[in-house]
Amino acid sequence: MYKVADCKIVDLPKIHNEAGNITVLQNGKDIPFEVKRIYYLYDIPMGSERGGHGHYELQQYIIAASGSFTFILDDGNNTKEVFLNDPSKALHILPGIWREIKNFSSGSICLVMASQIYSEKDYIRNYDDYLNYIK
Ligand code: TYD
């Protein structure tokens, strides 16, 4: 089982010039799993809290493409708060970690690179079920 300490912030490649920045992620080069799905959270009302689930298999790179928000990671023994506000960094969430997301800034965009296509069967949505699973 992975622990919250295994979920690291990763520096992404950044191409910088006077006209701005580009960050590029290529399968097989810049990301430690094959990206099968990309999605993003946006138009998030102030005060919203999201997440509240774990995954059996899914790994993710989470990027604050715009604005900021906080991920709370939980492995059943320890929790860790990760504040994301830099599009050149990703939070790598490993399988089996419970997560909640809060403190979305106005206009924030949470970009997610995911290792699997969407499957509701991969979700653990009840915290007691999660605690049983990781035992
Ligand atoms: P969910 O992953 O629970 O959102 P969050 O963790 O951001 O709170 O997904 C919210 C809803 O969207 C849920 O009904 C499932 C659906 N959904 C898909 O259909 N496909 C997807 O790839 C994702 C991420 C969610």
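These numbers come from a predicted model, not from an experiment.

Rules and cut-offs
- Residues numbered from 1 in each chain as written.
- Predicted model: local features only at pLDDT ≥ 70, side-chain atom pairs only at ≥ 80, totals over all residues.
- Pairing = 2+ DSSP bridges.
- Helix = DSSP H or I, 4+ residues; strand = E, 2+ residues; numbered from the N terminus.
- Buried ≥ 20, exposed ≤ 12 C-beta atoms within 10 Å, placed from the backbone.

Colleague: In this structure, what is going on with the sheet that holds strand E10 (residues 98–102)? I would like to understand it.
Modeller: Each strand in a sheet pairs with its neighbour through backbone hydrogen bonds, running either in the same direction (parallel) or in the opposite one (antiparallel). Strand order in the open sheet formed by 5 strands is E8-E7-E10-E5-E12, with antiparallel pairing between adjacent strands. Each edge of the open sheet carries a strand with a single partner, namely strand E8 (79–84) and strand E12 (123–124). Where strand E7 (residues 69–74) meets E10, 5 bridges bridge the pair, whose relative direction is antiparallel. Note that in E10 the partner of Ile72 across the bridge is Glu100.

Colleague: Quick question: what am I supposed to make of the pairing of strand E4 (residues 37–41) here?
Modeller: When a strand is regular, its side chains alternate between the sheet's two faces. In terms of residue burial, E4 counts as a barely covered element, since only 0 of its 5 residues are buried. Sheet topology note: the E4/strand E11 (residues 109–114) ladder contains 5 bridges and is antiparallel. What sits directly across from Tyr40, in E11, is Leu111.

Note that all results are geometric; they support no functional claim without further evidence.
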